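# Architecture and fold: a report
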Amino acid sequence: MPEQKQVRVRFAPSPTGSFHIGNARTALFNYLFARHEDGTFVLRIEDTDAERSSGEFEAEILAGLTWLGLHWDEGPDSGGPYAPYRQSERRTSYEEYARRLLAKGQAYFCYCTEEELEAQKQDLASRGESPRYSGRCRNLTEAERAKFQREGRSAVLRFQVPEREVSFKDLIRGKISFDMALVGDFSIAKVALNRPTALQSGGQATRATESLEFSPLYNFSVVVDDFEMRISHVIRGEDHISNTPKQLLLQEALGFSCPEYAHLPLILGPDRSKLSSRHGATSLKAYREDGFLAGAMLNILAFLGWNPGGTREMLSLEELIKEFSLARVHKAGAVFNANRLEWLNAQYLRALAPEALLECAVPFLVSAGLLQPADGGYRIVKTGEQMSDSYLQAVLRLEQGRMKKLSEIAALTEFFFVDVPDYDANLLPWKGRGKEDTREALEAVGAVIEAVPAEDFTVGRLSEGLLAVAAERGDRGIVLWPLRVALTGREASPDPIEIAAILGKDKTAKRLQAAITKLRD
RNA sequence: GGCCCCAUCGUCUAGAGGCCCAGGACACGAGCUUUUCAAGCUCGGUACAUGGGUUCGAAUCCCAUUGGGGCCGCCA
C-alpha cells in the first residue's frame, strides 16, 4: 500500500478589509475538508501589501473564525512547524527563491513605468490581441539596466512565461487548460534598490554597498508558502482559476511539487455578480452584530454551492464534517439568500436554552439602551429597577419564537423596560366597541387581578379568572385586546396573560389603572 | 475585447440514462387555528435556457447557439 499523502490545507486571507462572508465560506470548506480527511487546517495571513494590510483586519479574521468554531491547527498566533504564518515575516524565504529564478534566467527586472505599461496594453488591445505585458525588458543589457537605475526608476521582477499550454485537473471542474502565450510575463516581486551610502559619499556608490530589497507579490508568495508549508490541496474561490497556471509554472521553475486544486463557485449577489458591498452587508462581523447565530451562518454558508444530498436542511458542524466532500461541490455560483438565512437563524434562536438565550440577547438590550449592567446583574435604564436573570429569561422566552435575529429583541421587549407604556387611548377599544364597554371590561379584569394573590400570579390562575370574564361578554377580544394594549401599548404582542404573569401583580395593576384612567378622559 | 468557467422553480437545491408530465426548503398566495402578532397545519402557482445529435429511452451523455459570471494590477 502506498502511503497516503497527508492532507494539509490552508485558508489564506489578506487582511485588507473586513472579513467577507465569501472568504468565510472558503475557510469553512477548507476546514470541513481538512477535518473530514483527518488533515491539518492552516491559517496563513497574506499581508504582503503593507499599504493595505492592517492588524485590525487580521484580528477580525481570527475572531470571525473562532466565532464560527473553525479552529486552525497552525497559524500566526498559535505557530506551528512551518512558522511564521504571516507573509510579512517570511521575506528571506521569498528573496532566496527570487534570486534562484534570477540566476536561472527565468526572471528579469522590468523598469517600465505605469504609463508605458498602459500604452503597451492599449496598443495590443487596439489590435484585438490579448492585453499582456510586451516583454520589453526581457533582454535588457547591463548598460540599459544601469541607465534605468540611475534614472531612479523603480523595478519589478517579472517571471518569463514560456509560450505553451498549461493545464491542471481541478478537483471540482476537471481539466482546465490555458495557452500561456496569451498571458505574458507577470510580476512576482517589487524590487527596491538600497544605496545607503551612494549620495552621502559624493556619488561614489559601489556595488558592495548596494542591496536589493524584494517585496513578493501574490502569485509568487503563494507558491513559495504553499510549498514550504507542505500544502496538499489548495481550495479557494473560482476567481483564482486564472492565477493557477501562473502558479503552476512558478512551481515548475522552482522545482516544487504541485498541490491539488479545487476552485469553489462564487457567492453571488441578487444580480448574479460576485457578492460585494454594493449588495449590502458582506462582512461576517456585520451579520454577527445584527444578531445572527454562528450555527445559522455555518449552515447558510455550507449550503452555498454544496449540500449533503437528500432533503436535510440543518446540520451541525460535526455533521457537516462527516458529510463533506469536494465531489459534491457545485460548479455554478450561488446567490446569497438572505431570507433563508433569517429563517435558519429563527430556527437556531428557538432552539436556544434559556441561559444561552439570555447570554446572547442581553448585549442587544444593553446596546439599545434598555438595560445596563449593575451589581453583577442588570438594571432597567428608565426605572432603575434591578432585574433578576430569571425575570429576564422569562421576558426573552416570550419573544424567542418571534424574532429572526437578535437585533430585533429590543423593539420586541421594550414594553417590559418602561414604567408604564405610552399609547393613544383610542387603541384600547376592541373592534367596534366603545370606551365605556372597554373601561367596564378592564375594570372587571382589575377585579380578577385583585383576587389573584401576588405569590401565585401565574398564567394558570390568571387564565381561569380572565377567561371567565371574557366568556361572560361573549368575545375574548373585548377583554384581551384592551388588556394587551394596557400592558404593552401596542397592537401586536404575545399573549397578554403571559405578559401579565411575567410583569407580576403590582405592575399589571398599575398599567391597568393607567388604561382605565385614559378611558375616562 | 482576449482567455477561462458555468447553466433545474424568484432564490438555495434533490436528481449520476428509465424510480421525474421533476422532489425538498426559503420566499410568495389562499385557507384553517385565533384576543393581536408570530408560530403551526393544509392547499396552491412557478423550473430542466434553445437547437441539434447519441439511445428503445435524456434534466441526466456529446456538439452548437444563447445567456450569465470570473480574470486580465508594481491588489490578493
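Residues numbered from 1 in each chain as written. Chains lettered and ligands numbered in written order. Predicted model: local features only at pLDDT ≥ 70, side-chain atom pairs only at ≥ 80, totals over all residues. Heavy atoms only, no water.

Now for the overall build of chain A. Per the secondary structure count, chain A includes 19 helices and 15 strands. Against the globule reference of 24 Å for 521 residues, chain A gives a C-alpha radius of gyration of 33 Å, more extended than a compact globule. Dimensions along the principal axes, computed over C-alpha positions, put chain A at roughly 105 × 65 × 50 Å. By the burial criterion, 48% of the 521 residues in chain A qualify as buried. Look at the contacts in chain A between residues 6 or more apart in sequence, and 73% of them connect residues 24 or more apart. As displayed, chain A offers around 24,700 Å² of accessible surface, 49% of which is attributable to carbon and sulfur atoms. (Helix = DSSP H or I, 4+ residues; strand = E, 2+ residues; numbered from the N terminus. Rg over C-alpha atoms; globule rule 2.2 N^0.38 Å. Buried < 20%, exposed > 50% of the residue type's maximum accessible area, 1.4 Å probe, protein only. Contact = heavy atoms within 4.5 Å. Areas by Shrake-Rupley, 256 points an atom, 1.4 Å probe, with all protein chains shown as cover.)

Okay, the environment of S93 next. Structurally, the position occupied by S93 is in helix α3 (residues 91-103). On the accessibility criterion, S93 (12% relative accessible area) is buried. A sequence separation of 128 residues divides S93 from S221, and the C-alpha atoms of the two residues are 9.1 Å apart. Beyond its immediate chain neighbours, meaning those up to four positions away, S93 contacts V224 and E228.

Spatially, β13-β14-β15 is the arrangement adopted by the three strands of the open sheet, whose pairing is antiparallel. Looking at which strands have only one partner, the edges of the open sheet turn out to be β13 (371-374) and β15 (386-387). In terms of strand pairing, β13 meets strand β14 (residues 377-380) through four bridges, oriented antiparallel. Bridge pairing in β14 places P373 opposite Y378. (Pairing = 2+ DSSP bridges.)

Domains assigned within chain A are domain 1 (8-88 + 266-338), domain 2 (90-218), domain 3 (352-417) and domain 4 (425-520). Distance from the C-alpha centre of domain 1 to the C-alpha centre of domain 4: 50 Å. (Domains from an automatic or database assignment.)

Attention shifts here to helix α15 (residues 435-451). For α15, spanning 17 residues, the distance from its first C-alpha to its last is 24 Å, which sits close to the expected 24 Å at 1.5 Å a residue. For α15, every residue scored as buried is listed here: T438, A441, L442, A444, V445, V448 and I449. The arc that holds every buried residue of α15, seen down its axis, measures 155 degrees, which confines them to one face. Summarising the geometry of α15, the exposed residues directed more than 90 degrees from the buried face are E450 and A451. Lining the buried residues of α15 we find α16 (459-472), α17 (476-488) and α19 (505-520). (Expected span 1.5 Å × (residues − 1). Arc of directions from axis to C-beta.)

Attention now goes to helix α2 (residues 55-68). Between its first and last C-alpha, α2 extends 20 Å over 14 residues, near the 20 Å set by a 1.5 Å rise per residue. Among all positions in α2, only E58, E60, I61, L62, G64, L65, W67 and L68 are buried. Where α2 terminates, the next one or two residues include G69, which has phi positive at roughly 85 degrees.

This paragraph deals with the packing of aromatic side chains. All told, the structure shown has 14 aromatic pairs when counted by the stated rule. Where F227 meets F256, the ring centres are 3.9 Å apart and the plane angle is 0 degrees; that geometry is what we call stacked. On the criterion of sequence distance, the pair formed by F227 in helix α6 (residues 218-228) and F256 in the loop between α7 (244-254) and β10 (260-264) is long-range, its members being 29 residues apart. On the accessibility criterion, F227 (26% relative accessible area) is partly exposed. Owing to a relative accessible area of 7%, F256 belongs among the buried residues under this scheme. It is K518 that lies over the ring of Y423; its NZ or CZ is 4.5 Å from the centre. (Phe/Tyr/Trp six-rings, centres within 6.5 Å; stacked < 30°, edge-to-face > 60°. Lys NZ or Arg CZ within 6 Å of the ring centre and 35° of its normal.)

Glancing now at the side chain of T26. Within the secondary structure, T26 is located in helix α1 (residues 21-36). Taking relative accessible area as the criterion, T26 reaches 11% and is therefore assigned buried.

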